[in-house]
Amino acid sequence: MNDAHHAPHTGQDVDLTNCDREQIHLLGTVQAYGCLISTSSDFMINHVSENIADLLGLAPSAVVGGRLTEFLPANTIHDLRTKLQLIRIDTGAARLFAVDVMGNGALFDVSIHVSGHSYVFEFEPKIRTEDRDEMALVQPLLSRVKRAKDVIGAAREAATAIQVLSGFDRVMVYKFAEDSSGEVIAERCAAQMESYLGLRYPASDIPKQARELYKRNLLRLIADADGHNAPIVPPANALGEPLDLSMSVTRSVSPIHLEYLRNMGVGASMSVSILKDGELWGLFACHHNSPHYIDYERRTAIELFAQFFSYELLQKSEQKIRQEEREARRIHDHLMIRLSNGEDLYEGFEVVADELAEIVSSDGILVYSDGRFIARGATPTREEFLGLARFLNTAPTGQIYATDNLASVYPAASSFGDRAAGLLAVPISRTPRDYIVFFRREVTQSVNWAGNPEKPVELGPNGARLTPRKSFAAWQEIVHGTSSPWTDTDKRAAEALRVSLIEVVLKLTDDANLERRKGAEKQELLIAELNHRVRNILNLIRGLVSQSKDGATDISSYTKLLDGRIQSLARAHDQLTRKEWEPSPLRELIDVEVNAFLNNQSGRMTVTGDSPMLSPEAFSTMALVIHELVTNSAKYGALSNNAGTVSVGLTIDEDGSLHVAWKEQGGPAVKAPTRRGFGTTIIEKTIPHELMGNVKTQFLLTGFQANMMIPSRHVTAGAAPQPVVATASVHEMKVETHGLSGEVLVVDDNLIIALDACDMLKTYGAERAHMSGSVDEALAVVEKRDISFAVLDVNLGSQTSLPIAQKLAAKNIPFVLATGYGDTEAIVEAYPAAQIVKKPFTTESLLREVEATLQSRS
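Reading the values: the criteria
- Residues numbered from 1 in each chain as written.
- Predicted model: local features only at pLDDT ≥ 70, side-chain atom pairs only at ≥ 80, totals over all residues.
- Heavy atoms only, no water.
- Salt bridge = Lys/Arg side-chain N within 4 Å of Asp/Glu carboxyl O.
- Buried < 20%, exposed > 50% of the residue type's maximum accessible area, 1.4 Å probe, protein only.
- Helix = DSSP H or I, 4+ residues; strand = E, 2+ residues; numbered from the N terminus.
- Core = buried A, V, L, I, M, F, W, Y, C linked by side-chain atoms within 4.5 Å.
- Contact = heavy atoms within 4.5 Å.
- Arc of directions from axis to C-beta.
- Axes fitted to C-alpha atoms, helices over the stretch in contact; angles between N-to-C directions.
- Parallel < 35°, antiparallel > 145°, perpendicular 65-115°, else oblique.
- Left-handed = near helix turned anticlockwise from the far one by under 90°.
- Nonpolar A, V, L, I, M, F, W, Y, C, P; charged D, E, K, R; others polar.
- Pairing = 2+ DSSP bridges.

A. A look at the pattern of salt bridges. Summed over all chains, the structure comprises 19 salt bridges. In this structure, R419 engages D418 in a salt bridge whose closest nitrogen and oxygen atoms are separated by 3.6 Å. When its relative accessible area of 56% is taken as the criterion, D418 is described as exposed. E495 is the salt-bridge partner of R498, the closest N and O atoms lying 2.7 Å from each other. Note that R498 and E495 are positioned in helix α13 (residues 488–547) at a spacing of 3 residues, about one turn of the helix.

B. Structural detail: the nonpolar core. If you look at the biggest cluster of nonpolar residues, it comprises 38 residues, and the most contacted ones within it are V173, M270, F284 and F305. With 8 residues, helix α6 (residues 151–166) is the single largest residue contributor to this core. In this structure F284 touches A158, A159, I162, M172, V173, M270, S271, V272, I274, A306 and F309, once residues within four positions along its chain are discounted. The next biggest cluster of nonpolar side chains, apart from the first, holds 33 residues, and it includes L589, M622, V646 and V660.

C. Here's a closer look at helix α20 (residues 802–810). Residues of α20 that are buried include every one of I804, A805 and L808, and no others. For α20, the angular spread of the buried residues around the axis is 100°, confining them to a single face. Backbone geometry just downstream of α20 places N812 in the positive-phi region, at approximately 60°.

D. Focus on the packing of helix α5 (residues 138–147) against helix α18 (residues 751–763). Interaxial distance between α5 and α18 falls to 10 Å at its minimum, and their mutual angle equals 25°. In terms of their interaxial angle, α5 and α18 are classed as roughly parallel. With respect to the hand of their crossing, α5 and α18 are arranged in left-handed fashion. Listed contacts from α18 to P140, L141, R144 and R147 of α5 are I752, L755, D756 and D759. Among the residues making up the contact of α5 with α18, the classes are represented as 4 nonpolar, no polar and 4 charged.

E. Representation of the sheet that holds strand β38 (residues 835–838). If you walk across this open sheet you meet the 5 strands as β33-β32-β34-β37-β38, and the pairing is parallel. The two strands at the open ends of the sheet, each matched to only one other strand, are β33 (768–772) and β38. In this sheet, adjacent strand axes meet at a mean angle of 20° when their direction is disregarded. Of the pairings in the sheet, the one linking strand β32 (residues 743–747) to β33 comprises 5 bridges and is parallel in character. Paired with V747 across the two strands is S772, which belongs to β33. Along the sheet, helix α22 (residues 843–857) contacts β34 (787–793), β37 (815–819) and β38; its crossing angle with β38, the most-contacted strand, is approximately 180°.

In structure tokens, the structure reads:
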């Protein structure tokens, strides 16, 4: 894990950008699994590693000074030159897999990169030569990461994926904190491995230069902590300078780190960088009990997975931030509406404090404004805050101020540390004077360190340098005097609050006189409109009472009919209040308004044409217009008797504008009004005045007509309304079951199927799921772990799961057999009796057989 070892063989990274382009280097100390060569563009060799010399069958002295063309076949030289044509300094390494370098059938994976003025060629013997598609595993494993709900869940899935790809005994997701210490936030390890989950490591475990190297070289493998390293001959160029080996994939590592690994009982390790916004967010840290080599092709797949995981990590982090910001903005806007209407922070503090607490989580809130002090929850007293306010006034003007350890920057805070250990101060005036302050109590933290964090660096034989710690037992430290930290979301919400409150203060000051002047006019207008509305409601109720008589046969049916129409009318008036501030369907508005009068009588009202969505402004305006049209039709027009009908045509024109054609017929003979009432004024004037549209009305003898145009900026096309059919998802279906508990075992030679089966059993109550791909692995798990249930794939490649089934039956452990074969009887006749599930199985089909097995034992 802790990769101070990522320095080159000399203990430092060297910049060779000033070296002569014609000087050639074959590299220094390399791992036994790899060979390195460094040459210039003319392929002359200046240095050679001992193991590449062995590959050529020559002594190093016979290679240095020659050309690559003297030692490698023409086809190999051609392939290398072709890759060099594509490589760029900023593109990292070029890669070739399974290359017959010497033309003798021995295959190698090849890496090429630029170091200073040299090209570096690295050759790794190809250990596995069977046909396989390493990249095919990346996508299904990545899909599991995508399904995770949060960062921790994604980290757990990623640890599993890296273990699947790499085969390491232990895979940890190691996240860096702001103080550069690190914590293991997720882990996947074999049954015999000690867990490091939750342990924290001091910043000195991974020095700054090693962190920078992790950002450049994303994957480092130590296949054998006790392995042999091959030196480079000679170790430096003519100027005494070693080559920069930062990007080399086979270079050796610091002996200090190798000792570090041995102290941990680790035989092999691998670290893979996790980047976020170009910075080092964390690492995949992998350990194995014994030497463990992964060829370059598989490492490339792992590196690709890590890069995709970094992207998913960024997506999930941003998704969480956006969700938190949307919620904070909703509450914030509600508060701003309240304050913009003139509500005083001090006078309405009890109500406002509830809104503030939802914006930023805290244990106490206070407002200090114009010398007035009011507080709620765990806060300093007025006298204590006056001193604190003077301290806050020294902070940069016009900025929020946050700390989770107030006493460390303001020692006087220790006197009220039991109430306020951290604060987030929001200035709400243009000069340092008035504040809203959020406080948080002390949170006593128990930090589990991997060894004593006070002694990570010791004096070694060569002076002050990093010396590996020999104890990895958890060291617990209790931290006092700090609150839970203020997150970036908290700070962004506080900053938005600061800006908005200052704007509100200025707005209230500028608008105060204007509002007073308009007050009387608004009051008169509201009284006039209220009077009109009351009259309309009274007339409407009278009309409903009168019309409802025709459809009633007795007092009970009359009451029911009248009640239904009144309820429908109430829903029409509620429609605007239940809609969020977003485009809404005009058809729904018309339907709700008209149904209040027609009580869903089909044929009386038809709406044809398009399905427009109106902006909130236009929807509010049309609610008034449609209400007046329906009301007038019910009082005087086609809806005032039982024979009249109304048709409404909705057409969205090519320019995006909406044309609404209201046409009544079959009602009483129409007479043009002798005067324009308030309702008629709303129909004819509101759309032109508020929406810049137009309205034309006609009082024809056969029926009233109105043609309205709403401009395109208020209109969007919507889908025709569809009936909603409620269905239950698989996850919502509940079945009465016995359920699982404890640890379970899944045996399958297909890793993806095994992972999915583990997830299915966990949803059924299993606390932990073990995976095995062979008989030996499965039998070892059964011996070492307390297994309560198992799912066995009948065919395991060259093996069958029969020995496992027999072992489980002997231990009286229930299990289910899974098979892709059709003739199950012939296949499992030698097995102990068990339920069988055929592939491909679903969650329901697998759990059905699990439940049947459990029931047979109850």
